[in-house]
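Architecture and fold: a report
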Amino acid sequence: MKVGLLVRIEAKPEHADEVAAMLRGAQELAEQEQGTVAWFAFRQNATTFGVFDAFEDERGRQAHLAGRIAAALGEAARTKLSAPPVIAPVDLLGTKVS
């Protein structure tokens with residue numbers, strides 16, 4: 001794994017449970033993406049969520065950004081999020097998977 005994405009998602013309080021459910025459901029979509037090597041969705045507090053994903057190369061990262069999870073997140077941003085998601089590309093310096 002050489003590259004990744006770190007995404008911060010801030011839900012409107014009244015939609016936080018819907019955003020959590022959306023992220024849980026996105027795991028199935030991530031499992032279908034050949035270029036996505038690792039995918040994690042997490043909750044930091046009542047309204048703050050995040051996603052971290054890792055890819056072997058830039059092609060996998062770009063395919064993910066053009067995929068169904070990103071589209072669903074963009075759709076949710078219009079009504080369920082208090083701000084657009086913050087998507088930061090990252091280069092992975094080290095990894096450990098057991």
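Residues numbered from 1 in each chain as written. Predicted model: local features only at pLDDT ≥ 70, side-chain atom pairs only at ≥ 80, totals over all residues. Heavy atoms only, no water.

1. What about the layout of surface pockets?
Here is the rule: Here a cavity means grid points, on a 1 Å grid over the protein atoms only, where a 1.4 Å probe fits yet cannot get out; a pocket means an open set of points with protein on both sides within 12 Å along at least five of seven lines; lining residues are those with an atom within 4 Å of a point. Grid points are joined across faces, edges and corners, and a volume is the space filled by probe spheres set on the points. Counting from the N terminus, the helices are DSSP H or I runs at least four residues long and the strands are E runs at least two residues long. When residues are sorted by character, Ala, Val, Leu, Ile, Met, Phe, Trp, Tyr, Cys and Pro go into the nonpolar class, Asp, Glu, Lys and Arg into the charged class, and all the rest, Gly among them, into the polar class.
As a volume, the largest pocket reaches approximately 180 Å³. Lining the largest pocket are 17 residues, with V51, H64, I69, A70 and L73 positioned closest to its centre. Counting residues per element, the ones that place at least two in the lining of the largest pocket are β1 (3-10), α1 (16-32), β3 (48-55), α2 (58-65) and α3 (68-79). No other element matches α1, which puts five residues into the lining of the largest pocket. Partitioning the lining of the largest pocket into residue classes produces 14 nonpolar, two polar and one charged.

2. Considering the pattern of salt bridges
The cut-off we apply is this: For this analysis, a salt bridge means a side-chain nitrogen from Lys or Arg found within 4 Å of a carboxyl oxygen belonging to Asp or Glu. The buried label applies to any residue whose accessible area, calculated with a 1.4 Å probe on protein chains only, is under 20% of its type's maximum; exposed applies above 50%, and partly exposed to all values in between.
Summed over the entire model, instances satisfying the criterion amount to six salt bridges. The shortest N-O distance in the salt bridge between D57 and R59 comes to 3.8 Å. Exposure remark for D57: the relative accessible area of 31% places this residue in the partly exposed category. Residues R61 and E58 are paired through a salt bridge, measuring 2.5 Å at the closest nitrogen-oxygen approach. On the criterion of helical spacing, the pair formed by R61 and E58 is a turn pair, its members being three residues apart in helix α2.

3. Some points on the packing of aromatic side chains
The criterion, for reference: In this analysis, rings of Phe, Tyr and Trp, with Trp reduced to its six-membered ring, are considered paired at centre separations within 6.5 Å, and the interplanar angle assigns stacked below 30 degrees, edge-to-face beyond 60, and tilted for intermediate values.
Throughout the structure, instances matching the rule amount to one aromatic pair. Centroid distance F40 to F52: 6.4 Å. Interplanar angle 25°. Geometry classified as stacked. Here F40 is found in strand β2 (residues 36-43), whereas its partner F52 is found in strand β3, with twelve residues between them in sequence. Residue class for F40 comes out partly exposed when judged on its relative accessible area of 47%.

4. A closer look at the environment of A30
Selection rule: Should any heavy atoms of two residues lie within 4.5 Å, those residues are counted as being in contact.
Among the secondary structure elements, A30 is positioned in helix α1. The class for A30 is buried, based on a relative accessible area of 5%. Spatially, the C-alpha atom of A30 lies 7.5 Å from that of I69, the residues being 39 residues apart in sequence. Ignoring any residue separated from it by four or fewer positions in sequence, one finds A30 in contact with T36, W39 and I69.

5. Description of the packing of α1 against α3
We count it as follows: The axes used here are C-alpha line fits, helices contributing only the stretch in contact, and every angle between their N-to-C directions lies in the interval 0 to 180 degrees. Any angle that falls under 35 degrees is termed roughly parallel, while one over 145 is termed roughly antiparallel, one within 65 to 115 roughly perpendicular, and all others oblique.
α3 packs onto α1 with a crossing angle of 155° between their chain directions and a minimal axis gap of 9 Å. Judged by the angle between their axes, α1 and α3 are roughly antiparallel. Residues M22, A26, L29, A30 and Q32 of α1 form the contact with α3, whose participating residues are R68, I69, A72, L73 and A76. Here the contact of α1 with α3 is composed, by residue class, of eight nonpolar, one polar and one charged.

6. Considering the nonpolar core
Within soluble globular proteins, side chains that are nonpolar tend to cluster in buried spots. Selection rule: We call a set of buried residues a nonpolar core when its members are Ala, Val, Leu, Ile, Met, Phe, Trp, Tyr or Cys and they connect through side-chain atoms within 4.5 Å of each other.
Counting 19 residues, the largest nonpolar core has I9, V19 and F49 as its most contacted members. Among the secondary structure elements, those contributing two or more residues to this core are β1, α1, β3 and α3. Per-element accounting of this core gives the leading share, seven residues, to α1.

Coordinates in, geometry out; function isn't part of it.
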